[in-house]
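Per-entry structural report
The primary structure of each chain is shown beneath.
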Amino acid sequence: EVRELAEAQDDERKAAVDMRLIDPELPEEPGGKIERMADKAAAFYKDGEKHKFAQLLFVNQGPPGSDALYPVYTDLIGKLVARGIPREEIATIYDAKKDEDKQALFDRVNKGEIRVLIGSMLKMGTGVNVQERAKVLQQLEPCFTPGLLVQMEGRVLRQGNINWEDPTKPQEVTMVRYLSKGSSDEFMYSLLAAKHKVNQDFLSGRLEADVIVDVDI
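These remarks concern the structure in this document. Residue numbering note: each chain is counted from 1, following its sequence as written. Totals for whole chains, interfaces and linings use every residue, but because this is a predicted model, local features are given only for residues with pLDDT of at least 70 and side-chain atom pairs only at 80 or more, for both listing and counting. Just so you know, side-chain values use all the structure's heavy atoms and leave hydrogens and water out.

1. Focus: the overall build of the chain
Convention followed: Numbering of helices and strands runs from the N terminus, with a helix taken as a DSSP run of H or I at least four residues long and a strand as a DSSP run of E at least two residues long. Exposure categories follow from relative accessible area, calculated using a 1.4 Å probe and restricted to protein chains: below 20% of the type maximum is buried, above 50% is exposed, and the middle band is partly exposed. The contact definition used throughout considers only heavy atoms, calling two residues in contact when any of these lie within 4.5 Å. Using the Shrake-Rupley algorithm and a 1.4 Å probe, accessible areas are obtained, with residue cover drawn only from the displayed protein chains.
On a plain count of helices and strands, the chain comes out with 7 helices and 5 strands. Listing each helix as α and each strand as β along the chain from the N terminus yields α-α-β-α-β-α-β-α-β-α-β-α. The burial tally for the chain puts 43% of its 217 residues in the buried class. Across the chain, the fraction of contacts at a sequence separation of at least 24, relative to all contacts at a separation of at least 6, is 67%. Surface summary for the chain: the accessible area is close to 12100 Å², and the carbon and sulfur share equals 53%.

Okay, here's the thing in structure tokens:
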């Protein structure tokens, strides 16, 4: 029963991204999450052309080499290219297999050579130092813990993020999150907010407890 519940929850998360992750024979839904992410990415790309600003797209489902029924990354990259972003300026965190490859990839982002970097929350949420030109963060689906959310936001909200008009000031950044109405996204974001409140109450002394445990559901 526990296994069936976990599988059902996993299917709900997939359906909230794209129903083709459940049934690849289904047609694409107009105005779906992936299409909207591609539209915004193309607009942000044009807006940031002058200073070669970069954007980070957090996508958990359908990475390269996975057994997903629907290749989300392949479709997303195709949509980005169709909207005018050169393929050579798009990369995924999965392109870098070794530590030295990752550093070379991050250097290319900081130099403005890679303008769109795609990866999962776990692979790209920490240890990704591309803050020099990172201006936009897009998150396709909810994360499980406030800590992971803070880590993801830290890829763009950190020292070293350069304002090219006035280097003495911190760079303004944009963060976009997608939510499918009536889906598990609503529960996940409400759960995330509740966890965040508990964490804040604990840190401020308002919560009468010695230990709290953050668990994935």
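2. Regarding the nonpolar core
Note the following rule: Nonpolar core, defined: a set of buried Ala, Val, Leu, Ile, Met, Phe, Trp, Tyr and Cys residues in which side-chain atoms within 4.5 Å join the residues together.
Counting residues in hydrophobic clusters, the biggest one holds 45 residues, and the most contacted among them are L57, V59, L76, L80, L117 and I118. Setting aside its immediate chain neighbours within four residues, V59 contacts M37, V72, Y73, L76, I118, G119, S120, L140 and E141.

3. Quick look at helix α6 (residues 146-153)
Since the α-helix packs 3.6 residues into each turn, any two residues three or four apart lie on the same face. Keep this limit in mind: What the arc describes is the spread of directions from the helix axis to the C-beta atoms.
Here α6 has its buried residues at P146, L148, L149, M152 and E153. Viewed along the axis of α6, the buried residues span an arc of 160°, placing them on a single side of the element.

4. Quick word on the packing of aromatic side chains
Applied cut-off: Geometry of aromatic contacts follows a simple scheme: Phe, Tyr and Trp rings, the Trp one being its six-membered ring, pair when their centres are within 6.5 Å, and the pair is stacked under 30 degrees between planes, edge-to-face over 60, tilted otherwise. Two conditions define a charge sitting above a ring: the NZ of Lys or the CZ of Arg must be within 6 Å of the ring centre, and it must be within 35 degrees of the ring normal.
For the structure shown, the criterion picks out 1 aromatic pair. Relative to Y94, the ring of Y73 lies with its centre 5.7 Å away and its plane at 80°, an arrangement referred to as edge-to-face. On the criterion of sequence distance, the pair formed by Y73 in helix α3 (residues 72-82) and Y94 in the loop between β2 (90-92) and α4 (99-111) is long-range, its members being 21 residues apart. Across the pair, Y94 and Y73 agree in class, each one buried. Residue placement shows R115 over the ring face of Y45; its charged tip is 4.1 Å from the ring centre.

5. Let's talk about helix α2 (residues 33-47)
Applicable threshold: Helix span is expected to be 1.5 Å times the residue number reduced by one.
Given a rise of 1.5 Å per residue, 15 residues ought to cover 21 Å, and the 21 Å separating the end C-alpha atoms of α2 matches this to within 8%. Within α2 the residues assigned to the buried category are K33, I34, M37, A38, A41, A42 and Y45. Down the axis, α2 shows its buried residues gathered within 165° of arc, on one side only. Of the exposed residues in α2, those oriented more than 90 degrees away from the buried face are K46 and D47.

6. Section: the layout of surface pockets
The criterion, for reference: Of the two site types, the cavity is a set of points on a 1 Å grid over the protein atoms alone where a 1.4 Å probe fits but cannot get out, and the pocket is an open set with protein on both sides within 12 Å along at least five of seven lines, each lined by residues with an atom within 4 Å of a point. Grid points are joined across faces, edges and corners, and a volume is the space filled by probe spheres set on the points. Each residue is assigned to one of three groups, with Ala, Val, Leu, Ile, Met, Phe, Trp, Tyr, Cys and Pro labelled nonpolar, Asp, Glu, Lys and Arg labelled charged, and all others, Gly among them, labelled polar.
Approximately 330 Å³ is the volume attributed to the largest pocket. In terms of lining residues, the largest pocket is bounded by 17 residues, among which D10, K14, N60, Q61 and E141 are the most central. The biggest single contributor to the lining of the largest pocket is helix α1 (residues 2-17), with 4 residues. Here the lining of the largest pocket is built from residues that sort into 8 nonpolar, 4 polar and 5 charged. Considering the residues around the second largest pocket, the lining is formed by 15 residues, among which V17, E29, G32, K33 and S180 are closest to the centre. Taken together, the elements giving at least two residues each to the lining of the second largest pocket come down to α1 and α2. With 4 residues, the single largest contributor to the lining of the second largest pocket is α2.

7. Some words on the pattern of salt bridges
Selection rule: Only one rule defines a salt bridge in this text: a Lys or Arg side-chain nitrogen within 4 Å of an Asp or Glu carboxyl oxygen.
Evaluation of the coordinates by the stated rule reveals 12 salt bridges. The salt bridge involving K52 is made with E49; its shortest N-O contact spans 2.6 Å. E113 is the salt-bridge partner of R108, the closest N and O atoms lying 3.1 Å from each other.

8. Structural notes on a nonpolar patch on the surface
Selection rule: Like charges are joined within 9 Å and nonpolar side chains (Val, Leu, Ile, Met, Phe, Trp, Tyr) within 5 Å, but only among residues with over 30% relative accessible area and no salt bridge; these make up the patches.
Where nonpolar side chains cluster on the molecular surface, the patch consists of M19, I22 and L26 and spans about 220 Å² of accessible area. Accessibility expressed as a relative area gives 39% for M19, which makes it partly exposed.

9. Observations regarding the packing of α2 against α3
Here is the rule: Only the stretch in contact is used when fitting a helix axis, every axis being a line fitted to C-alpha atoms; angles between N-to-C directions are given from 0 to 180 degrees. When an angle is under 35 degrees it counts as roughly parallel; over 145 it counts as roughly antiparallel; between 65 and 115 it counts as roughly perpendicular; any other value is oblique. For any helix crossing, the convention is left-handed if the near helix is rotated counterclockwise from the far helix by under a right angle, and right-handed if that rotation is clockwise.
Put simply, α2 and α3 touch, their axes get as near as 9 Å, and they point 40° apart. In terms of orientation, α2 and α3 fall into the oblique class. Considering the relative orientation of α2 and α3, their crossing is right-handed. Contacts between α2 and α3 pair I34, E35, M37, A38 and A41 from the former with V72, D75, L76, K79 and L80 from the latter. Its residues assigned to classes, the contact of α2 with α3 comprises 7 nonpolar, no polar and 3 charged.

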